[in-house]
Amino acid sequence: MYRRCRVCEGELREFVDLGRQPTANGFLRPEETDGEYFFRLAAGICTDCAMAQLLDEVPQERRYHGGYRYHASGSAGHRKHFEENALRLLETELTGPDPFIVEIGCNDGVMLSTIARAGVRHLGVEPSTNVAELARARGVDVLTEFFDERTAAGIRSRHGAADVVFGANTICHIAHAASLLRGVDALLAPGGVFVFEEPYLGTITERTAFDQIYDEHVFYFSVTSVRAMAERHGFELVDAERIPLHGGEIRYTLARPGARVPSHAVQELLAEERERGLSDPATLGRFRDRVERVRKDLVTLLRDLRAQGKRVVGYGAPGKSTTVTNYCGIGPDLVPFVCDSTPSKQGHLVPGSHLPVLPPEAFSDPYPDYALLFAWNHADEIMAKERAFRQGGGRWILYVPEVRIV
Ligand code: JHZ
Ligand code: SAH
Ligand code: ZN
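Here we summarise the structure given alongside this text. (Residues numbered from 1 in each chain as written. Chains lettered and ligands numbered in written order. Predicted model: local features only at pLDDT ≥ 70, side-chain atom pairs only at ≥ 80, totals over all residues. Heavy atoms only, no water.)

Looking only at helices and strands, the protein chain has 13 helices and 17 strands in total. Computed over C-alpha atoms, the radius of gyration of the protein chain comes to 21 Å, within 12% of the 22 Å expected from 2.2 N^0.38 for 406 residues, which places it in the range of a compact globule. Once the C-alpha set of the protein chain is aligned to its principal axes, its extents read approximately 65 × 50 × 40 Å. For the protein chain, long-range pairs separated by at least 24 residues make up 69% of all intrachain contacts whose partners lie at least 6 apart in sequence. Accessible area of the protein chain: about 16,300 Å², with a carbon and sulfur share of 48%. Placing the 47 positive and 56 negative side-chain charges of the protein chain at their respective mean positions leaves the two points 3 Å apart. (Helix = DSSP H or I, 4+ residues; strand = E, 2+ residues; numbered from the N terminus. Rg over C-alpha atoms; globule rule 2.2 N^0.38 Å. Contact = heavy atoms within 4.5 Å. Areas by Shrake-Rupley, 256 points an atom, 1.4 Å probe, with all protein chains shown as cover. Lys, Arg positive; Asp, Glu negative; His and termini not counted. Charge placed at Lys NZ, Arg CZ, Asp CG, Glu CD.)

As structure tokens, then:
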């Protein structure tokens with residue numbers, strides 16, 4: 001167990017314990033449940049630099065490998081978001097004579113495929129070989145390695161300096177923060193930028209989105225903690241922008257000190273975090289109380305519906321569904337199955353809670369009375385697609401920010 005901050009060695013104070021949990025993307029076949037891996041899912045905050053982080057850690061090779069289940073291109077919303085991201089980088093940063101961009105955690109190429117189509121020099125660094133293959137099939141150049149100081153030095157000597165290092169929903173997964181930042185430092189051109197967008201501690205606590213806490217999310221960034229981490233490694237935080245992905249994230253831009261004029265947004269968000277006491281024990285204590293409340297309300301609702309003979313199925317098997325079902329003790333007795341559009345999750349069980357994952361067609365065959373929306377961050381896309389369910393009298397159950405039926 002970590003008692004010291006991975007960034008600054010300060011003391012960690014625990015603020016939430018979600019119990020014994022498996023790995024969020026460790027979907028398994030019904031015959032593979034013996035000897036399933038579990039660890040204690042608990043998060044703490046550094047009393048010095050305010051970086052929130054997991055206390056126990058799952059080795060990275062157990063999280064990312066040739067059977068990694070998450071495919072970033074799985075939703076129309078994400079495809080659009082990352083295409084826009086790529087176009088924006090092409091317009092604003094990749095404008096020199098022979099620009100070069102490196103993406104850490106490119107997954108199935110959801111972002112870099114647009115860069116590749118534009119004919120711009122790029123490299124994805126992606127240790128999960130199955131999703132890396134999907135990226136290659138889209139014309140993306142990929143190095144199947146974990147990004148760290150050593151990998152970065154190799155890229156620099158083979159390809160030269162990068163104008164942009166990009167990461168999305170990946171930088172908070174990397175426990176070796178110092179090695180990562182030394183690697184970015186070695187790789188980045190003098191005027192280059194390190195841009196990354198990640199789940200925001202402010203959203204998680206404000207919306208009681210505790211299901212964002214799982215093994216892969218080692219860090220829970222805030223503007224305060226990212227700025228401290230950047231400065232420690234010789235970078236300046238020059239921009240921070242709220243984005244709607246995954247229910248509310250922040251896109252951070254780091255540059256070398258003095259290379260860019262910092263935006264007002266950085267100071268504004270820092271002031272906002274101070275005013276709301278984002279890192280204070282009292283704020284985090286209230287978050288923990290609300291998490292417990294959601295568990296109580298959700299389990300009570302599901303038991304009541306079962307007693308009334310209603311059928312409830314789950315919609316979406318995101319990593320988040322592992323946290324919520326294991327924390328709340330929701331098994332197939334309360335939710336007989338979940339449906340998910342990812343082929344590699346179908347025919348498998350949600351880790352730990354063992355809810356069977358079926359293809360989306362199972363949802364309407366026949367429609368249940370209630371659908372528990374685990375993929376709540378895709379609510380608009382899913383509810384539009386499944387309009388007939390609601391029109392036929394079906395109801396959605398949401399549990400973020402509180403338990404309710406819509
Ligand atoms: P979604 C992922 O989290 C994984 P997850 C990862 N660990 C991470 O860090 C983040 O992203 C932030 C399905 N679905 O995007 C597809 C449908 O079935 O919320 C996905 O399995 N029908 C890297 O796993 C799941 O829902 C649909 O119509 O929490 C959504 O997963 C749609 C739109 C989605 O990510
Ligand atoms: N960028 C995509 C995918 C995020 S999933 C999106 O935003 O949706 C996180 C990805 O990071 C996984 O594909 C995982 O294999 C990869 N990853 C984890 N640790 C890494 C590391 N040290 N270096 C590079 N990629 C890593
Ligand atoms: Zn610290």
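Next comes the rest of the write-up.
Along the chain, Ile 330 falls in the loop between helix H11 (319–328) and strand S13 (338–339). Ile 330 gets classed as buried once you look at its relative accessible area, which sits at 1%. Distance in space between the C-alpha atoms of Ile 330 and Ala 371 is 14 Å, their sequence separation being 41 residues. Residue contacts for Ile 330: discarding those within four places in its chain leaves Leu 298, Leu 302, Val 324, Thr 325, Val 335, Ser 353 and Leu 355. (Buried < 20%, exposed > 50% of the residue type's maximum accessible area, 1.4 Å probe, protein only.)

With that settled, the discussion passes to the environment of Gly 331. Following the sequence through the fold, Gly 331 ends up in the loop between H11 and S13. Classification of Gly 331 as buried rests on a relative accessible area of 11%. A C-alpha to C-alpha distance of 6.1 Å links Gly 331 and Leu 355, two positions 24 residues apart in sequence. Not counting residues within four places of it along the chain, the set of residues in contact with Gly 331 comprises Ser 353 and Leu 355.

Looking now at the sheet that holds strand S16 (residues 395–398). With respect to topology, 6 strands assemble into an open sheet ordered S14-S13-S12-S15-S16-S17, the strand pairing being mixed. At either end of the open sheet lies a strand with only one pairing partner, and these are strand S14 (357–358) and strand S17 (404–405). As paired strands, strand S12 (residues 312–315) and S13 are joined by 2 bridges and run parallel to one another. Bridge pairing in S13 places Gly 314 opposite Val 338. The strands touched by helix H10 (residues 281–307) within the sheet are S12, strand S15 (370–373), S16 and S17, with S16 carrying the most contacts at an inclination of about 150°. (Pairing = 2+ DSSP bridges. Axes fitted to C-alpha atoms, helices over the stretch in contact; angles between N-to-C directions.)

On to the site of ligand 2, then. Within the structure, ligand 2 sits among 20 residues, and Glu 126, Ser 128, Phe 147, Ala 168 and Asn 169 are positioned closest to it. Take Gly 105: an N or O atom from its main chain is 3.1 Å from a nitrogen atom of ligand 2. The contact in question runs from an oxygen atom of ligand 2 to an N or O atom on the side chain of Asn 107, over 3.0 Å. Computed on the free molecule, ligand 2 has an accessible area of 580 Å², of which 99% lies beneath the protein chains in the complex. (Near = heavy atom within 4 Å. Polar contact = N/O pair within 3.5 Å; in protein donor to acceptor, adjacent residues only side chain to side chain.)

Coordination of the zinc ion (ligand 3) by the protein comes from Cys 5 (SG), Cys 8 (SG), Cys 46 (SG) and Cys 49 (SG), over a distance range of 2.3 to 2.4 Å. For the zinc ion (ligand 3), the 4 donor atoms in the first shell make angles of 97 to 115° at the metal, so the coordination geometry reads as tetrahedral. Classification of Cys 8 as buried rests on a relative accessible area of 15%. Classification of Cys 49 as buried rests on a relative accessible area of 11%. (Donors = N, O, S within 2.8 Å, 3.2 Å for Na, K, Ca; no water. Tetrahedral: all angles 85-135°; square planar, octahedral: opposite > 155°, others 65-115°.)

Ranked by internal contacts, the top residues of the largest apolar core, which has 110 residues, are Phe 194, Phe 221, Tyr 252, Leu 254, Leu 298 and Tyr 399. Sorting elements by how many residues they give to this core places H10 first, with 9 residues. Contact partners of Leu 298, with chain neighbours within four places excluded, come to Val 324, Cys 328, Ile 330, Leu 372, Ile 397, Tyr 399 and Val 403. If you look at the next biggest cluster of nonpolar residues, it comprises 27 residues, including Leu 94, Ala 132, Val 140 and Val 238. (Core = buried A, V, L, I, M, F, W, Y, C linked by side-chain atoms within 4.5 Å.)

A few words on unusual backbone geometry. With an omega of -10°, the peptide bond between Asp 365 and Pro 366 qualifies as cis. In this structure, Pro 366 sits in the loop between S14 and S15. Val 400 connects to Pro 401 through a cis peptide bond whose omega is 0°. Checked against the element boundaries, Pro 401 lands in the loop between S16 and S17. The phi dihedral of Glu 9 is positive, around 70°, even though this residue is not glycine.

Right, let's get into the packing of H10 against H11. Interhelical geometry of H10 versus H11 gives an angle of 75° and a closest axis separation of 10 Å. Classed by the angle they form, the pair H10 and H11 counts as roughly perpendicular. The residues of H11 that touch H10, namely those facing Val 291, Glu 292, Arg 295, Leu 298 and Val 299, are Val 324, Tyr 327 and Cys 328. Of the residues contributing to the contact of H10 with H11, the split by class is 6 nonpolar, no polar and 2 charged. (Parallel < 35°, antiparallel > 145°, perpendicular 65-115°, else oblique. Nonpolar A, V, L, I, M, F, W, Y, C, P; charged D, E, K, R; others polar.)

Enumeration according to the criterion identifies 0 disulfides in this entry. Note on Cys 172: no disulfide assigned, nearest cysteine sulfur contributed by Cys 5 at a separation of 15 Å. (Disulfide = S-S within 2.5 Å.)

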